[in-house]
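The primary structure of each chain is shown beneath.
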Amino acid sequence: MRIPKTLALAVLAAACASSAWAADAAADWKPSRPVRIIVPIVGSTNDVLARLVAPKLQEAFGQPFVVENKGGAGGNIGAAEVARAAPDGQTLLVGYNGPLAINVTLFDKMPFDPRKDLAPIVLAVKSPQYLVVNPSTGIRDVRDFIAKAKANPARYSYGSVSMGSASHLTMEMMKSAADFRMTHVPYRGAGPAVADLLAGNVQAGFFVPGNVQGFVKEGRLKLLATSGAKRFPSTPDVPTLAESGLKDFEATSWIGFLAPGGTPPNIIKRYNEEFVRILAMPDIKARLEEMEFEVVAGSPQDFSRWIDTEINRWGKVIKDTGAKVD
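Residues numbered from 1 in each chain as written. Predicted model: local features only at pLDDT ≥ 70, side-chain atom pairs only at ≥ 80, totals over all residues. Heavy atoms only, no water.

A. Region of interest: the packing of aromatic side chains. Inspection of every chain in the model, using the stated rule, returns 11 aromatic pairs. Each ring, one from F145 and one from F180, has its centre 5.7 Å from the other, and the planes form 90 degrees; the classification is edge-to-face. In this pair, F145 is assigned in helix α6 (residues 142-151) and F180 in the loop between α7 (166-178) and β7 (183-186), connecting sequence segments 35 residues apart. The two residues F145 and F180 agree in class, both being buried. (Phe/Tyr/Trp six-rings, centres within 6.5 Å; stacked < 30°, edge-to-face > 60°. Helix = DSSP H or I, 4+ residues; strand = E, 2+ residues; numbered from the N terminus. Buried < 20%, exposed > 50% of the residue type's maximum accessible area, 1.4 Å probe, protein only.)

See below:
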């Protein structure tokens with residue numbers, strides 16, 4: 001059936017008008033009072049990123065953007081608070097692997113549904129992780145790490161930034177791939193986890209570079225490998241885990257921004273535009289690259305598809321390794 005030309009033109013005009021209205025609505029929208037940015041973990045690169053962009057958002061919108069740390073339950077407590085908030089653009093979440101992808105399989109019961117109760121705005125950054133150990137262990141490289149853990153599993157433990165984080169499950173992936181055992185000690189954020197690693201209370205851990213690179217340079221931690229598909233430009237002599245004998249091993253950490261589910265599209269669009277602009281600023285980009293983060297800054301739809309991919313990826317890891325909430 002042929003559609004009359006006049007009807008087709010009318011439909012096209014209506015679609016264009018709707019798009020123009022949406023663009024205008026996004027451009028006109030501003031928060032009416034201070035905005036809360038909830039970070040569902042304490043003392044992490046998530047917090048650093050939130051505090052980097054908050055002043056820029058305040059400049060753009062003319063309202064304070066207040067960063068609040070709400071850690072606990074592998075990120076679920078803070079994420080659930082945002083999921084329950086009014087969908088009016090006044091509350092944002094700094095989301096990461098744990099509460100958005102990993103916990104869906106790791107926890108028997110979730111207080112929110114990441115796909116339905118949160119609205120993706122932008123996937124901000126990605127980063128592989130560093131495998132680091134306390135130098136007092138005498139561990140020389142990845143093969144030595146595996147050999148020592150196999151020979152004396154009761155002697156070694158590893159710290160993570162939280163239960164269900166990439167910091168936790170990347171080590172579980174490695175344990176499964178290399179067939180060794182090691183006790184997991186979860187913390188509430190990178191700060192206490194790294195502090196205990198420096199003190200020798202735990203012997204190893206996977207952390208994003210920004211959490212440990214300074215201690216590596218000082219010689220207080222030993223860097224064994226990275227979890228990415230390729231070496232970091234800043235540490236070209238440090239091999240990947242795949243190069244160290246764990247074939248096809250790859251695990252990535254990431255951070256993004258979300259709003260409560262049901263937030264109107266014009267608000268999501270406006271926030272996305274501002275985040276993309278801010279993340280491209282030379283001072284912000286330089287700081288993030290200094291922390292070994294790759295800036296992504298795509299569309300809300302891209303971020304939504306990424307979350308789906310990560311739920312499936314980490315779900316397989318959890319099922320294959322038997323990881324669970326202790």
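And the narrative resumes.
B. How the structure looks around the pattern of salt bridges. For the structure on display, the rule yields 19 salt bridges. We note a salt bridge from D283 to K56, for which the minimum N-O separation is 3.1 Å. Of this pair, D283 sits in helix α11 (residues 282-290) while K56 sits in helix α2 (residues 45-61), placing them 227 residues apart in sequence. Look at D283 and you get partly exposed, because its relative accessible area is 44%. The shortest N-O distance in the salt bridge between E81 and K70 comes to 4.0 Å. Here K70 lies in the loop between β2 (65-69) and α3 (76-84) and E81 lies in helix α3, a separation of 11 residues in the sequence. One network of salt bridges, in which partners are shared, links R36, E68, K70 and E81. (Salt bridge = Lys/Arg side-chain N within 4 Å of Asp/Glu carboxyl O.)

C. Quick look at the pairing of β2. Two elements, strand β1 (residues 35-39) and β2, share 5 bridges in a ladder whose sense is parallel. Directly across from V35, in β2, lies its bridge partner F65. Handedness of the crossover is the feature at issue here: the chain leaves β1, passes through α2, returns alongside β2, and the resulting connection is right-handed. (Pairing = 2+ DSSP bridges. Right-handed = clockwise from strand over helix to strand, strands pointing away.)

D. Representation of unusual backbone geometry. Look at D248: it is not a glycine, yet its phi comes out positive at around 65 degrees. Note on placement: D248 falls in the loop between β9 (222-226) and β10 (252-260). When its relative accessible area of 66% is taken as the criterion, D248 is described as exposed. A positive phi angle is found at E292, which is not glycine, with a value near 70 degrees.

E. Structural view of the nonpolar core. Counting residues in hydrophobic clusters, the biggest one holds 52 residues, and the most contacted among them are I37, L49, F65, F257, Y271 and F275. Broken down by element, this core gets its largest block of residues, 7 residues, from α2. Not counting residues within four places of it along the chain, the set of residues in contact with I37 comprises A50, A54, L57, F65, V66, V67, E68, L92, V94 and F257. Judged by nonpolar contacts, the second largest core, of 50 residues, contains A80, I102, L123 and F206. (Core = buried A, V, L, I, M, F, W, Y, C linked by side-chain atoms within 4.5 Å. Contact = heavy atoms within 4.5 Å.)

F. Seen up close, the packing of α6 against α7. Look at α6 against α7: their axes get within 11 Å of each other, and the N-to-C directions meet at 80 degrees. With respect to α7, the element α6 is oriented roughly perpendicular. Only M171, M174 and A178 of α7 make contact with α6, whose side of the interface consists of V142, F145, I146 and K150. In terms of residue class, the contact of α6 with α7 is built from 6 nonpolar, no polar and 1 charged. (Axes fitted to C-alpha atoms, helices over the stretch in contact; angles between N-to-C directions. Parallel < 35°, antiparallel > 145°, perpendicular 65-115°, else oblique. Nonpolar A, V, L, I, M, F, W, Y, C, P; charged D, E, K, R; others polar.)

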